[in-house]
Amino acid sequence: MAPAAITLAADVELSPANTGFMLICSALVMLMTPGLAFFYGGMVRVKSTLNMLMMSFISLGIVTILWVLYGFSMAFGTDSGHIIGWNSDWVGLSDIGLTELWGTYNIPILAFLVFQLMFAIITPALISGALADRVKFTAWALFVALWATIVYFPVAHWVWGEGGWAFDMGVIDFAGGTAVHINAGAAALGVILVIGKRIGFKKDPMRPHSLPLVMLGAGLLWFGWFGFNAGSWLGNDDGVGALMFVNTQIATAAAMLAWLAYEKIRHGAFTTLGAASGAVAGLVAITPSGGAVSPIGAIVVGVVAGVLCAMAVGLKYKFGYDDSLDVVGVHLVGGVVGSLLVGFLASGKGQSDVEGLFYGGGMEQFWKQCAGVFAVLAYSLVVSAILAFILEKTIGMRVSEDEEVAGIDQAEHAETAYDFSGAGGGAARNAVPTPAADTASKKVDA
């Protein structure tokens, strides 16, 4: 993320080009949340599809209102104690001029705040993938509101707000490795440790019901991620945003290939789910590092993330935590990998002159990255677990066992994703099924 600034510069004029660019990038990042909904929706069983879609979509509503009321002020207002920001003029966005610029940048505050809003929206939506099949929708909506307020807004200030402790320390997080992905991944782990496993975890097959939907979601995420990453430089004046755009494509491609190679060696097949998951792992890992590394460095980031994330998704079976859709394995691990590799691969020729170990810069930047990574991880893990515990003990977070077995879509939304009642004609319904057809029908029903 380009350095935040809240002191207006009198000699800076609004740039229509950069303003338009930022609005387009904001729209691209907004598209990522529906893309995530499709990605997650295809990965669950049929009976949970709509709930998975809604757990992402509701974030668009809740976080938008919170951001307008106080979220933007908390994240990017005047620093207080290096922990949180506040600017009363920004409460309700009621005192922001149409052409009032964002600090020393040539874009309006309104363009910056709506771009950052889309980050705030998708981050809690990422958590939802770990909780598939078993969480009450009302409890989830309340968790999103509380988590955004207590976790995301302060962490965004730490990392990107002027005066935030991580920002002042020099932790490099170009577009959200710590503030978004580690934050969401650690939160997911904290919540699932509280609410427990799905019924049938490690016993029943819980395969994706629609791999085409997964691939569609992955494609939308990949597309929107160019706005997510390249837009985080807040303009196009010096080529750093272009470097980030290029590195985003490179790392994503490398991670997808690395995941598939690992999958072929380990399991004997190249799967579409592996291709989609590998691409997302690369996108996650390059998010914090892409402005600091070279294109060759981006290949390294992608390969390392693809292999390590592919390995990490299996840890849930070893350690017994039910991360339904691999949020921990992809977002937490990918975010950690991308953030820490900055300490080795920063070239000094991108967003800053900071050099990593492999470019003669020693270990100083690596230790800074460690501070940012593990502080965000610990804070989000602990606070998220506490929030989940409070909700579980008050209103309850889990649906009943019967509702979980029958299907959370019907229980929570009174709908189903697919209606087959009109399929087939009278002749087909009256026909006597052959043994083979009867067997196939039972498999479909199952």
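Residues numbered from 1 in each chain as written. Predicted model: local features only at pLDDT ≥ 70, side-chain atom pairs only at ≥ 80, totals over all residues. Heavy atoms only, no water.

Quick word on the side chain of S73
Here is step 1: Residue position: S73 is located in helix 2 (residues 49-76).
Here is step 2: Residues contacting S73, with those up to four places away along its chain left out, are G85, W86, N87, S88 and W90. (Helix = DSSP H or I, 4+ residues; strand = E, 2+ residues; numbered from the N terminus. Contact = heavy atoms within 4.5 Å.)

Remarks on the packing of helix 7 (residues 211-230) against helix 8 (residues 240-267)
Here is step 1: The interhelical angle for the contact between helix 7 and helix 8, taken along N-to-C directions, is 140°, at an axis separation of 9 Å. Considered as vectors, helix 7 and helix 8 are oriented oblique to each other. With respect to the hand of their crossing, helix 7 and helix 8 are arranged in right-handed fashion. Contact residues: helix 7 offers W222, F226, N229 and A230, while helix 8 offers G241, M244, F245, T248, Q249, T252, A253 and M256.
Here is step 2: In the contact of helix 7 with helix 8, the residues fall into 7 nonpolar, 5 polar and no charged. (Axes fitted to C-alpha atoms, helices over the stretch in contact; angles between N-to-C directions. Parallel < 35°, antiparallel > 145°, perpendicular 65-115°, else oblique. Left-handed = near helix turned anticlockwise from the far one by under 90°. Nonpolar A, V, L, I, M, F, W, Y, C, P; charged D, E, K, R; others polar.)

Notes on the pattern of salt bridges
Here is step 1: Within the structure shown, the criterion is met by 7 salt bridges.
Here is step 2: Close ionic contact of D322 with R134 constitutes a salt bridge, the shortest N to O distance being 4.0 Å. Note that D322 is positioned in the loop between helix 11 (315-319) and helix 12 (327-345) and R134 in the loop between helix 3 (109-127) and helix 4 (137-160), a separation of 188 residues in sequence.
Here is step 3: Judged by relative accessible area, R134 falls into the buried class, the value being 0%.
Here is step 4: A salt bridge links K368 to E364, with the nearest nitrogen and oxygen atoms 3.6 Å apart. (Salt bridge = Lys/Arg side-chain N within 4 Å of Asp/Glu carboxyl O. Buried < 20%, exposed > 50% of the residue type's maximum accessible area, 1.4 Å probe, protein only.)

A look at the environment of I127
Here is step 1: Positionally, I127 belongs in helix 3.
Here is step 2: Distance from I127 to L189, taken between C-alpha atoms, is 8.8 Å for residues 62 residues apart in sequence.
Here is step 3: Beyond its immediate chain neighbours, meaning those up to four positions away, I127 contacts W140, F143, W147, A184, A187, A188 and V327.

Details of the nonpolar core
Here is step 1: Ranked by size, the top nonpolar core spans 123 residues in total, and within it W102 and L131 carry the most contacts.
Here is step 2: For this core, the leading source of residues is helix 4, giving 15 residues. (Core = buried A, V, L, I, M, F, W, Y, C linked by side-chain atoms within 4.5 Å.)

What about the packing of helix 12 against helix 13 (residues 364-394)?
Here is step 1: Where helix 12 contacts helix 13, the two axes come as close as 7 Å, and the packing angle between them is 160°. It follows from the interaxial angle that helix 12 and helix 13 lie roughly antiparallel. Crossing of helix 12 over helix 13 shows right-handed handedness. Contact with helix 12, carried on its side by L332, V336, S339, L340, V342, G343 and F344, involves Q365, F366, Q369, C370, V373 and L377 of helix 13 and no other residues of that element.

What is shown is where atoms sit, not what they do.
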